[in-house]
Amino acid sequence: MAVASKWLEATVTGHKRWTERLYSLQLVADGPAFQAGQFAKLALEIDGEMVARPYSFVNSPGTQPHEFYYITVPGGPLTARLLALKPGDRIGLAPTVAGFLVLAEVPDARNLWLLSTGTALGPFLSILGTAAPWQRYEEIVLVHAVRQAAELTYRETIESLMKAHPGQLRVVSFVSREDCSGALTGRVPQAIADGRLEAAAGVLLSAADSQVMICGNPAMVADTVEALKARGMKKHRRRDPGQITVENYW
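All values reported here derive from a predicted model rather than from experimental measurement. (Residues numbered from 1 in each chain as written. Predicted model: local features only at pLDDT ≥ 70, side-chain atom pairs only at ≥ 80, totals over all residues. Heavy atoms only, no water.)

A. Seen up close, the environment of Gly 202. Position of Gly 202 relative to the elements: it lies in the loop between helix H6 (196-201) and strand E10 (210-216). The sequence separation of Gly 202 and Val 141 amounts to 61 residues, and the corresponding C-alpha distance is 9.3 Å. (Helix = DSSP H or I, 4+ residues; strand = E, 2+ residues; numbered from the N terminus.)

B. Representation of the nonpolar core in the model. Ranked by internal contacts, the top residues of the largest apolar core, which has 25 residues, are Leu 114, Phe 124, Ile 140, Leu 142 and Met 213. Secondary-structure elements contributing two or more residues to this core are strand E7 (111-117), helix H2 (121-128), strand E8 (139-146), helix H4 (155-164) and E10. Per-element accounting of this core gives the leading share, 5 residues, to H2. Excluding anything up to four places from it in sequence, Phe 124 contacts Leu 101, Leu 114, Leu 115, Ser 116, Leu 142, Met 213, Ile 214 and Cys 215. In terms of nonpolar packing, the next biggest core, distinct from the first, is built from 24 residues, Leu 115, Val 143, Leu 197 and Val 221 among them. (Core = buried A, V, L, I, M, F, W, Y, C linked by side-chain atoms within 4.5 Å. Buried < 20%, exposed > 50% of the residue type's maximum accessible area, 1.4 Å probe, protein only. Contact = heavy atoms within 4.5 Å.)

C. Seen up close, the packing of H2 against H4. Across the interface, H2 lies against H4 with an axial gap of 12 Å and an inter-helix angle of 30°. Taken together, H2 and H4 sit at an angle that is classed as roughly parallel. For the crossing formed where H2 meets H4, the hand is left-handed. Residues Leu 121, Leu 125 and Leu 128 of H2 form the contact with H4, whose own contacting residues are Thr 157, Ile 158 and Leu 161. Within the contact of H2 with H4, the residues separate by chemical class into 5 nonpolar, 1 polar and no charged. (Axes fitted to C-alpha atoms, helices over the stretch in contact; angles between N-to-C directions. Parallel < 35°, antiparallel > 145°, perpendicular 65-115°, else oblique. Left-handed = near helix turned anticlockwise from the far one by under 90°. Nonpolar A, V, L, I, M, F, W, Y, C, P; charged D, E, K, R; others polar.)

D. Summary view of the sheet that holds E8. With parallel pairing, the 5 strands of this open sheet are ordered in space as E9-E8-E7-E10-E11. Strand pairing shows two members of the sheet lacking a second neighbour, strand E9 (169-175) and strand E11 (244-248), which therefore form its edges. When the angles between neighbouring strand axes are averaged without regard to direction, this sheet yields 10°. Inspection of the sheet shows E10 paired to E11 by 5 bridges, in the parallel sense. Bridge assignment links Met 213 to a residue of E11, and that residue is Thr 245. Together, E7, E8 and E10 form the strand contacts of H2, whose direction differs from that of E7 by roughly 150°. Contacts from H4 reach E8 and E9 within the one sheet, and its direction differs from that of E9 by about 150°. (Pairing = 2+ DSSP bridges.)

Quick look at the structure:
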C-alpha cells in the first residue's frame, strides 16, 4: 500500500490478539517524536481517501517498535482494516502528535495515581516505561478497570514494572461483569467514595499528598472527577494548580 505524502510510512512488525475485540499493533517508522502519554493518528487508504483515527503510544519515547492498543468498533471503517494488517504491511502514521496527558503537565506530590479503563491503559504504560515517574513520586498506583477478566491485558509488562520497582508500584484491577480473584468489583468512582480503592492500594488518596491522572471512557472520567472533588481535589491548570489531570478516551 502506498502511503500519502502527508503521512509517515510505517511498517507493521507485529499484531497481537488479546481477546475478540482487543488488539495491539506494532510498527516501525522514522518518527514521530512524542512525550509519554501522547497520541498520534494512524491512517489507511479506504475508497480512495486516507481514513485516520487517534491512538495512544504504549511504547515509551525513544523506543521502537511503536505500539498501539486498540479495540475494534463494530462497523468502524478503520478498525476493520486494522484487523487485517500483518507483518510487512504499510500504514500511515501522523508526523505530529497531540495530547496533554503527560507528566510534564503534572505537579510533584508524594504519590501518583493512574486511573484507566480498557485500552486507556496504554498511555500509562508509556509513562511508566520512562524514568520520570519513579524519580518524582514515592508511590505510584496503577488502576485498570475492565468488564471481563480476559481484558486485564499487559500483565507481563505490569509484573515486570512491579519487579523493577518493588514497593513503589501498586496495581489495582477492577472487573465489573464477572467475579475475578484479586480484582475489585463495581466502578472506580464508587470505590473512591467508599474507601475500597485506597484500602486495596494501601496508599493515601488526598489533596495534600496525591496527583491523579485519569484516562478512559467519558462517564468514568466525569464521575471520578466528582468523587475526587468530594475529597477536596480540583482539576489541575497551569495558572491554577490542582491534583487532577484528565483525558477522555473517545
